[in-house]
Amino acid sequence: MKKVRYSTLWLAYTGVLVALQIVLGNLVQVALLEKQMNLGFLPIAAAGYLFGPVSAMIVAALGDILGTLIFGTGAYFPGFTLTALIVGFLYGVMLYPRYQKWLTKAFKNHYADIAARALMAAALAAVAYIFLNSYWITFFVPKGYWVILLGRLPFNLAEIPIFTAIITITCVALDRLPSTMLPTSVTQGK
């Protein structure tokens, strides 16, 4: 029997994760000096862990576009959506169990495997945020690229261990769902 990649389970999870990304990315924010910290990365990471890069990219892009349109945080700018797509791809490739089987073999402990994948995903996403979002901000703020980048760098680097811990805790919690509520990639990846 042929597998249906985009099932009702996928549609339900994707819709909920897009809604969570909109809320966590726009309503739950901590304003810092040079940037805002929010939990909008978490639904993207969950989509990447459960369904892979395509789903994580959909959650990231729709969350960015709809969040901007709903909350009117300024004019829509496609550069930030491009960054969100890249981050969704990185989370999906790094967290999806089928793509990182070599890490599963390297770590005999399932929790250490998830933590290593979360660390790689958070670090790569931080690189994308540091370089790309700093560039996009130059379109709105009359400062040079390197001034913005160096001002945001410490905050983005400080987010890596925080994001790693939160992603690890979330993925472990997702593993505890009943197997009927999980895609086969997660249940077979254990």
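For the structure, check the block above.
To start, this report covers the structure provided alongside it. Just so it is clear, the model here is predicted, and its values are computed rather than measured.

Points about the overall build of the protein
Thought 1: Within the protein one finds 8 helices and 2 strands.
Thought 2: Here the protein, with 190 residues, has 44% of them falling under the buried criterion.
Thought 3: Long-range contacts, defined here as pairs at least 24 residues apart, represent 69% of the contacts in the protein between residues at least 6 apart.
Thought 4: About 9,900 Å² of surface is accessible on the protein, with carbon and sulfur atoms providing 73% of the total.

Notes on the pattern of salt bridges
Thought 1: What the rule picks out here adds up to 1 salt bridge.
Thought 2: Among the salt bridges present, the one from Asp113 reaches Arg117, with a minimum N-O distance of 3.3 Å. Placement of both Asp113 and Arg117 in helix α6 (residues 110-137) is noted, with a separation of 4 residues, approximately one turn of the helix. With respect to burial, Asp113 and Arg117 carry one shared label: buried.

Some words on the environment of Leu24
Thought 1: Structurally, Leu24 can be placed in helix α1 (residues 8-26).
Thought 2: For the pair Leu24 and Leu42, spaced 18 residues apart in sequence, the C-alpha to C-alpha distance is 8.2 Å.
Thought 3: In this structure, Leu24 is in contact with Asn38, Leu39, Gly40 and Pro43, ignoring residues within four places of it in sequence.

Here's the deal with a nonpolar patch on the surface
Thought 1: The grouping of Val23, Leu27, Val28, Leu62, Leu66, Leu69, Ile70, Phe71 and Tyr76 at the surface amounts to a nonpolar patch, some 780 Å² of accessible area in total.
Thought 2: With 5 residues, the top contributor of residues to the nonpolar patch is helix α3 (residues 53-71).
Thought 3: Along the chain, the position of Val23 falls in helix α1.
Thought 4: With a relative accessible area of 37%, Val23 lands in the partly exposed category.

Topic: the nonpolar core
Thought 1: Residues Tyr49, Leu50, Tyr91, Leu95 and Ile167 are the most contacted members of the largest nonpolar core, which totals 38 residues.
Thought 2: Elements supplying a minimum of two residues to this core: α1, α2 (41-51), α3, α4 (78-95), α6 and α7 (145-175).
Thought 3: Looking at this core element by element, the count peaks at 9 residues for α2.

What about α2?
Thought 1: The buried fraction of α2 is high, at 11 of 11 residues.
Thought 2: Every buried residue belonging to α2 is among Phe41, Leu42, Pro43, Ile44, Ala45, Ala46, Ala47, Gly48, Tyr49, Leu50 and Phe51, and all of these are buried.
Thought 3: Phi turns positive, to about 100°, at Gly52, one or two residues after α2.

Conventions and cut-offs
- Residues numbered from 1 in each chain as written.
- Predicted model: local features only at pLDDT ≥ 70, side-chain atom pairs only at ≥ 80, totals over all residues.
- Heavy atoms only, no water.
- Helix = DSSP H or I, 4+ residues; strand = E, 2+ residues; numbered from the N terminus.
- Buried < 20%, exposed > 50% of the residue type's maximum accessible area, 1.4 Å probe, protein only.
- Contact = heavy atoms within 4.5 Å.
- Areas by Shrake-Rupley, 256 points an atom, 1.4 Å probe, with all protein chains shown as cover.
- Salt bridge = Lys/Arg side-chain N within 4 Å of Asp/Glu carboxyl O.
- Patch = residues over 30% accessible without salt bridge, like charges linked within 9 Å, V, L, I, M, F, W, Y side chains within 5 Å.
- Core = buried A, V, L, I, M, F, W, Y, C linked by side-chain atoms within 4.5 Å.

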